[in-house]
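What the coordinates show
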Amino acid sequence: MSDLPLRPELVGRTAYGAPQLDVPIALNTNENPYPPPPEMISEIGRRIEPELNRYPDRDAARLRDALAGYLSEQTGVAVGRGEVWAANGSNEILQQILQAFGGPGRTALGFTPGYTMHELISHATGTGFIEVPRDGLLLPTDRIVAAVREHRPDVLFLCSPNNPTGDSLPLSALEAAYNAVAETGRGIVVVDEAYAEFASVPSAVSLIAGRPRLIVTRTMSKAFAFAGARVGYLVADPAVIDALQLVRLPYHLSALTQSAAQVAVSYATRLTEQIRRLCDTREQFVAAVTAQGWVCPPSDANFVLIGPFVDPPQAWQRLLEAGILVRDVGLARWLRVTIGTPEQMTRMAAAMRGLEDLRETT
Ligand SMILES: *Cc1c(COP(=O)(O)O)cnc(C)c1O
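Bear in mind the structure is a predicted one, so any value in this text is a computation, not a measurement.

Around the ligand, 13 residues are found, and the nearest of them are Ser-90, Tyr-195, Thr-219, Ser-221 and Lys-222. Within the contact set of the ligand, an oxygen atom lies 2.5 Å away from a side-chain nitrogen or oxygen of Thr-219. Protein chains shield 93% of the accessible area of the ligand, which is 380 Å² for the free molecule. In terms of residue count, helix H3 (residues 89-101) provides more of the shell around the ligand than any other element does, three residues in total.

Have a look at this one:
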């Protein structure tokens, strides 16, 4: 690529690339290990719009109605179609937010370790990205407020539960962050709730009323077991959704995606049981590896960090040789492990026994 006339801010950057390897046990991208039920798949087959010669509904009205109904039920906050917007994965949602509210001459701010796509999509949209370290793995409220006052970002990214650390932010932290941004007289606050269904804290959706610059992003990729379909959405004041119409591509969400997602949302009640099962499996796994002397910082999501390793890349490699793919998120002492089925996690816990020579001892 070296002699291509690439935009200068992209030169030397690496593309997003979680390895997609063919392994017996993939615990690396926080997918739901339970495939959707067969009756849902056949219903999707039946419901696919026959009118594929026509462009889809640009406004995805019926899907947004379905998502609004789901959100109202899941969060206990009444949400209407006008406050919901959908796109091809929450990554496209994030891109549209940055296209509308970021861009050249503007900055986004995120905390690390955090979700790396916040930074990558910022660069791709010409938005400057300010990286502020968390306090170790955690993000105290005063650090958020101080960072906002110092940098006055145009877009503030908060991730709750945070990927890869797994901790959630309490509503009080989100309120304080919003107030700090409001004091600067500029800026949008984005709360990335990709793992909200697994969390034990209330959703930021409950804060949207009266906060016109708050956006909550969600995805069907994790709890919904629908990563392959690429559906993400956001909740915000209707004025935000109007603004996003200026940057979205016409007909961005295909008729296939819209009808498949509507069917998937109608199966949402089965999620509650499955989410409980995943959280139980997480706690069982944490108990098993803790008994071996490992540490897993508390997680509110369908993944955990595990360590401390003296050499995470070597531990990653050895797990791969044992047929288990986890994620090296670039942290000095930790690897990230997605919670799979109980059988997969039993094998993962057994594989950890072979890594004791790589455990950091203090
Ligand atoms: C997985 C994940 C997403 C999901 O992205 P999609 O494009 O919806 O698949 C968004 N945010 C975070 C923090 C994630 O971990």
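Attention now goes to the domain arrangement of the chain. We note that the domain assignment places domain 1 (8-30 + 269-358) and domain 2 (40-266) within the chain. Computed over C-alpha atoms only, the centres of domain 1 and domain 2 are separated by 25 Å. With 26 residues of domain 1 at the interface, the matching set in domain 2 holds 27 residues. Summing both partners gives a buried area of about 2000 Å² for domain 1 against domain 2, and 62% of it is carried by carbon and sulfur. Scanning the region where domain 1 abuts domain 2 turns up zero salt bridges. Where domain 1 packs against domain 2, one counts eight residue pairs in polar contact (both at pLDDT 80 or more). When contributions to the side of domain 1 that touches domain 2 are tallied by element, the ones reaching two or more residues are helix H9 (269-291) and strand S9 (303-306). Considering every element that reaches the side of domain 1 that touches domain 2, the biggest residue donor is H9, with seven residues. Its residues assigned to classes, the side of domain 1 that touches domain 2 comprises 14 nonpolar, six polar and six charged.

What follows deals with the packing of helix H2 (residues 61-75) against helix H8 (residues 255-266). Between H2 and H8, the shortest axis-to-axis distance is 9 Å and the interhelical angle comes to 20°. When the interaxial angle is binned, H2 and H8 end up roughly parallel. Like other packed secondary-structure pairs, H2 and H8 cross with a definite hand, here left-handed. Residues Arg-62, Leu-63, Ala-66, Leu-67 and Tyr-70 of H2 pack against Gln-258, Ala-261, Gln-262 and Val-265 of H8.

Now for the packing of aromatic side chains. The full count for this structure, using the stated rule, is four aromatic pairs. With 4.9 Å between their ring centres and 65° between their planes, Tyr-70 and Phe-224 make a pair best called edge-to-face. Of this pair, Tyr-70 sits in helix H2 while Phe-224 sits in the loop between strand S7 (214-219) and strand S8 (232-236), and the two are 154 residues apart along the sequence. When sorted by exposure, Tyr-70 lands in the same class as Phe-224, which is buried.

In terms of burial, strand S5 (residues 155-159) is a largely internal element, five of the five residues being buried. Side-chain alternation along S5 places Val-155, Phe-157 and Cys-159 on one buried face and Leu-156 and Leu-158 on a second face that is also buried. Pairing between strand S3 (residues 107-112) and S5: two bridges, direction parallel. Within S5, the residue paired with Leu-109 across the bridge is Leu-156. When S5 meets strand S6 (residues 188-192), the two strands line up parallel, connected through five bridges. Directly across from Phe-157, in S6, lies its bridge partner Val-190. Once the chain exits S5 it traverses helix H6 (residues 171-184) before rejoining the sheet at S6, and the crossover so formed is right-handed.

A word on the state of the cysteines. Here a disulfide denotes one covalent bond, and it connects the sulfur atoms of two cysteines. Taken as a whole and judged by the stated rule, the model has zero disulfides. The closest cysteine sulfur to the non-disulfide-bonded Cys-296 is located on Cys-279, 14 Å from its own sulfur.

So, how was this worked out
All chains use their own residue numbering, which begins from 1 and follows the written sequence. Only residues with pLDDT of 70 or above have their local features reported here, since the model is predicted, and side-chain atom pairs are shown and tallied only from 80 upward, although totals for entire chains, interfaces and linings are computed over all residues. Hydrogens and water molecules were not included; the side-chain quantities draw on all heavy atoms of the structure. For this purpose, a residue is taken to be near a molecule or strand whenever a single non-hydrogen atom of the residue falls within 4 Å of it. In the analysis that follows, any N or O atom pair within 3.5 Å is treated as a polar contact, provided that within protein one partner can donate a hydrogen and the other can accept it, and provided that, for residues neighboring in sequence, both atoms belong to side chains. Computed with a 1.4 Å probe, the accessible areas rest on the Shrake-Rupley method; for each residue, only the protein chains presented here act as cover. Secondary structure elements follow DSSP: runs of H or I of four or more residues count as helices, runs of E of two or more count as strands, with numbering from the N terminus. What counts as a domain boundary in this text is fixed by an automatic or database domain assignment. Residues count as neighbours in contact if any of their non-hydrogen atoms are within 4.5 Å of one another. When two parts are brought into contact, each loses some accessible area as probed by a 1.4 Å sphere; the total of that loss over both is the buried area. By definition, a salt bridge exists where a carboxyl oxygen of Asp or Glu is found within 4 Å of a side-chain nitrogen of Lys or Arg. When residues are sorted by character, Ala, Val, Leu, Ile, Met, Phe, Trp, Tyr, Cys and Pro go into the nonpolar class, Asp, Glu, Lys and Arg into the charged class, and all the rest, Gly among them, into the polar class. For every element, the axis is a line fit to its C-alpha atoms; helices are fit only across the contacting stretch, and the angle between N-to-C directions ranges from 0 to 180 degrees. Geometric relationships in this document are graded by angle, where less than 35 degrees denotes roughly parallel, more than 145 denotes roughly antiparallel, 65 to 115 denotes roughly perpendicular, and other angles denote oblique. Put simply, a crossing is left-handed when the front helix is turned counterclockwise from the back one by less than a right angle, and right-handed when it is turned clockwise. Here the aromatic set is Phe, Tyr and Trp, taking the six-membered ring for Trp, and pairing holds for ring centres within 6.5 Å; pairs whose planes are under 30 degrees apart are stacked, those over 60 apart are edge-to-face, and all others are tilted. A simple rule labels every residue: compare its accessible area, found with a 1.4 Å probe on the protein chains alone, to the largest value its type can have, and call it buried under 20%, exposed over 50%, or partly exposed in between. Strand pairing is assigned whenever DSSP detects at least two bridges linking the two strands. A crossover gets the label right-handed when its path from the first strand over the helix to the second runs clockwise, viewed with the strands pointing away from the viewer. Two cysteine sulfurs form a disulfide in these notes if their separation is within 2.5 Å.

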